[in-house]
Amino acid sequence: MLEAFSRAKRVLIGRPMRSDAMGHQLLPKRIALPIFASDALSSVAYAPDEVLLTLAIAGGVAVTQSVWVGLAVAVVLLVVVLSYRQTVHAYPSGGGDYEVVTKNLGPSWGLVVASALLVDYVLTVAVSISSGARYVTAAIPQLAGQEVPIAVAVVIVLCLLNLRGMREAGSAFAIPTYIYMASIGILIAVGMVKLVTGHLGQAPSAMYDLVPQASHVSGLVGLGGALLVMRAFSSGCAALTGVEAISNGVPSFQRPKSRNAATTLAMLGGIAATMLISILVLARATGVRIVEDPATQLSLNGAPAGDVRLDPVIGQLSSAVFGHGSILFYLITIVTGLILVLAANTAFNGFPTLASVLSRDSFLPRQLYRRGDRLTFSNGIVALSAAAIVLIIAFDAQVTHLIQLYIVGVFISFTLSQVGMIRHWNAKLRNPQRADSRASLLRSRLVNMIGFVLTGTVLIVVLVTKFTRGAWITLLLMGLVFLTQRAIRHHYDTVATQLRVEDYSTRRALPSRVHALVLVSSMSRVTMRAIATARATAPSSLQLVSVVADQAEEERIIRQWRASGLPIPLTILSAPYRDITQVIVQHVRSQRRRSPREMVVVYVPQFLVSHWWENVLHNQTALRLRQALLRIPGVVLTLVPWKLGEDSQVEGEQPIKRQLINDPFRSRQKGPHDSAS
């Protein structure tokens, strides 16, 4: 079974790579952009939907304000990009927001940021792939209702691709990402030309009128209207997600790492802001309608529209600009769904890297720190995939529901990172500086101060407008992750304290005596090997221990022991209730109580079968014994394995032919202590 698993692993993931090949996995900017920026670029595919969806609650007039909301989001995006360009230069080691906050605000605040980012990365995968599945079903209506299995299958495929290596996955994702950027660019360019020349068509949903909800019949006036605009703004700020991933991935860039990362950030900010505003302008011009409940929020000629299927914004724009069913319509729809899927790859790079840093600091299991066969943090990739699948199934791949959880965590990390960078610049300004250097530091601090005001404002808006709509779930998840990491760190600290040797001189003393026990159920080959192993260690005393359930079994083991001629005493323990494990544990504990200064070594014979499926034919007593004996303080457990057919391979003997022999030594070839685990 292990060989079959190994072959399947090589086919799916590839052959292991040497550690010194890590330099060949570093990314140039042309590959780093689709890997780290695909999340932010893909948000253009669903952030406009969320803005229009929210404003539609107040009717058609409110939707016309979507461009101004988009401009506000773009301003925040550009300021955050500028601030992270400074972060990648100041902290290029790959810790990102976690490192910035930990070093400037303390470990507890750093752990808050880490918890927020870990949850946000999982949500990135769930939201992006669920949104991509929605575009797939829009292009292929026959798949409607199958969003969950499609999304789960895509997560598994992305997991396997990333397990093959960062550069290999990036090369595979680069072409679709650039096709997406080119296709959206063509859509915007052609749409703007048609808008200026007066030849721009109407979106398929433009025929419908928006029916405002009862609480917003007066539009955006008053406190309710202001809160609605704020809610639309917070939903549009989903376009900022993924910006922080580049600061976590600086070590993956080719040299000069910081400069290449900063350049990639600048390209990301410019492209994403331009695409977001342009799409909202075209959506307003073509009359795009996006609502959560078409039956109640849309009307046609004064009558309810009924159950109408609405394509996403980009799908409707493609129809208006190029015509429904045209080649470019299908190309843009398909490639948009594909980029939404590939956007999850940003999290597949950010989550494992951050998890490895937290594992290094003992806040996550140590298994997340080491790289796998293909020089990726494979355990982190698998953990991210599993968590995302759970969320996709739990929320039925509904983007509108998932996105309410989405941006809380990322803006917590944004805001705390800005505070951390302000304190970073303050610390530098306290030292003597040249006039030009001091001016540069002051400009840098000003950028982060503006960033703090903007991201802090967005965070407050998000918490106020989205708390009851699902943001509380994100805060709860963050709290659970935070407490889990603290508990893991406490465990590792406790282990380190107990394992630390304060005075080596006191630890060099040997125990006064070594008392060895060999568990036997029959004098078989595996038992004889265990006895030989025990005798080779020359213990102070050696004892054979056998547990019997009745008189016949006791007579059998005594007869075999006498026939063996071994000069070792045999102790018979009675198990009238057939609980072998409990009887042996009680006997070993009594040995420890009688001589607490002695070392007790228990030898457990164990034979191994040739094929994995043969394990079901044997009991698992050895496994239960091992688990029980490991819990007894001061007891050393030694397993003595013996594989069927091993003697003929190791000692050059001929294999024993299978035949029925009336031999008391073979009457019970396998006992509970000799079983395979």
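Look up a bit, the structure's there.
Keep in mind the model is a prediction, meaning the values are calculated, not measured. (Residues numbered from 1 in each chain as written. Predicted model: local features only at pLDDT ≥ 70, side-chain atom pairs only at ≥ 80, totals over all residues. Heavy atoms only, no water.)

Asker: Any chance you could explain a nonpolar patch on the surface here in plain terms?
Answerer: The grouping of I175, I179, I186, L328 and L331 at the surface amounts to a nonpolar patch, some 410 Å² of accessible area in total. Elements with a contribution of two residues or more to the nonpolar patch: α10 (166–197) and α16 (327–360). Among the elements that take part in the nonpolar patch, α10 stands out by supplying 3 residues, more than any other. In this fold, I175 is placed in helix α10. Its relative accessible area of 57% is what places I175 among the exposed residues. (Patch = residues over 30% accessible without salt bridge, like charges linked within 9 Å, V, L, I, M, F, W, Y side chains within 5 Å. Areas by Shrake-Rupley, 256 points an atom, 1.4 Å probe, with all protein chains shown as cover. Salt bridge = Lys/Arg side-chain N within 4 Å of Asp/Glu carboxyl O. Helix = DSSP H or I, 4+ residues; strand = E, 2+ residues; numbered from the N terminus. Buried < 20%, exposed > 50% of the residue type's maximum accessible area, 1.4 Å probe, protein only.)

Asker: Before we go on, may I ask you to explain the sheet that holds strand β6 (residues 570–574) in this structure?
Answerer: Taken together, the 5 strands give an open sheet; going across it, the order is β6-β5-β4-β7-β8, and neighbouring strands pair in parallel fashion. Of all the strands in the sheet, just β6 and β8 (635–643) have a single pairing partner and so form its edges. Here the average twist between neighbouring strands, direction ignored, is 25°. In the sheet, strand β4 (residues 514–519) pairs with strand β7 (residues 599–608) via 5 bridges, with the strands oriented parallel. (Pairing = 2+ DSSP bridges. Axes fitted to C-alpha atoms, helices over the stretch in contact; angles between N-to-C directions.)

Asker: I would appreciate a short explanation of the side chain of T455 in the present structure.
Answerer: Position of T455 among the secondary structure elements: in helix α19 (residues 435–499). A distance of 2.7 Å separates the side chain of T455 from the backbone oxygen of G451, its partner in a polar contact. Setting aside residues up to four positions removed in sequence, T455 forms contacts with V80, F411, F414, T415 and Q418. (Polar contact = N/O pair within 3.5 Å; in protein donor to acceptor, adjacent residues only side chain to side chain. Contact = heavy atoms within 4.5 Å.)

Asker: What is the right way to read the pattern of salt bridges from this model?
Answerer: If charged atoms from side chains of opposite charge come close, those side chains can pair. Inspection of every chain in the model, using the stated rule, returns 6 salt bridges. Between D493 and R489 there is a salt bridge, and its shortest N-O distance comes to 3.1 Å. Here the residue D493 and the residue R489 both occupy positions in helix α19, the gap between them amounting to 4 residues, near one helical turn. Taking the relative accessible area as the measure of exposure, D493 reaches 36% and is therefore partly exposed. Given a relative accessible area of 30%, R489 falls into the partly exposed group.

Asker: Got a minute to help me understand the nonpolar core in this structure?
Answerer: Most often, soluble globular proteins have nonpolar side chains that are buried together. In terms of nonpolar packing, the biggest core is built from 141 residues, with Y180 and F411 touching the most fellow members. Examining the composition of this core, we find that 15 residues originate from one element, helix α8 (residues 107–139), more than from any other. When near neighbours in sequence (up to four residues on either side) are disregarded, F411 contacts V76, C237, L240, T455, V458 and L459. L625, A628, L629 and I632 belong to the second largest nonpolar core, which has 19 residues in total. (Core = buried A, V, L, I, M, F, W, Y, C linked by side-chain atoms within 4.5 Å.)

Asker: I tried to follow the packing of helix α2 (residues 29–36) against helix α13 (residues 257–286) on my own but got confused; where do I start?
Answerer: When two helices pack together, their arrangement is given by the angle between their axes and by how far apart the axes lie. Packing of α2 against α13 brings their axes to within 10 Å, and their N-to-C directions diverge by 55°. In terms of orientation, α2 and α13 fall into the oblique class. Seen from above, α2 lies across α13 with right-handed handedness. When α2 is examined against α13, the residues K29, A32 and L33 are found in contact with a partner set consisting of N260, T263, T264, M267 and L268. Of the residues assigned to the contact of α2 with α13, the class counts are 4 nonpolar, 3 polar and 1 charged. (Parallel < 35°, antiparallel > 145°, perpendicular 65-115°, else oblique. Left-handed = near helix turned anticlockwise from the far one by under 90°. Nonpolar A, V, L, I, M, F, W, Y, C, P; charged D, E, K, R; others polar.)

Asker: Before we go on, may I ask you to explain the sheet that holds strand β3 (residues 303–304) in this structure?
Answerer: Strand pairing in a sheet is mediated by backbone hydrogen bonds. Such pairs are either parallel or antiparallel. Overall, antiparallel pairing links the 3 strands, which are arranged β1-β2-β3 in an open sheet. Edge strands, defined here as strands with exactly one partner in the open sheet, are β1 (209–210) and β3. Sheet analysis places strand β2 (residues 298–300) next to β3, joined by 2 bridges and oriented antiparallel. Its bridge partner lying in β3, L300 is registered against A303.

Asker: Explanation requested: the packing of aromatic side chains in the structure shown.
Answerer: Given two aromatic rings, one states the distance between the centres and the angle between the planes to describe the pair. What the rule picks out here adds up to 3 aromatic pairs. An angle of 65° between the planes, with centres 5.7 Å apart, marks the rings of Y84 and F414 as edge-to-face. Within this pair, whereas Y84 is found in helix α6 (residues 66–90), its partner F414 is found in helix α18 (residues 399–429), the two being separated by 330 residues in sequence. Residue Y84 is classed as buried on the basis of its relative accessible area of 1%. According to the relative accessible area criterion, F414 is buried, its value standing at 0%. Both rings, one in F411 and one in F414, keep their centres 5.2 Å apart while their planes meet at 85°; by these two values the pair is edge-to-face. Pair noted here: F411 and F414 are both in helix α18, with a separation of 3 residues, about one helical turn. The rings of Y84, F411 and F414 are connected pair by pair, giving a single aromatic cluster. Just above the ring of Y492 sits the side chain of R366; from NZ or CZ to the centre is 3.9 Å. Over the ring of F363 we find R489; its NZ or CZ atom is 5.1 Å from the centre of that ring. (Phe/Tyr/Trp six-rings, centres within 6.5 Å; stacked < 30°, edge-to-face > 60°. Lys NZ or Arg CZ within 6 Å of the ring centre and 35° of its normal.)

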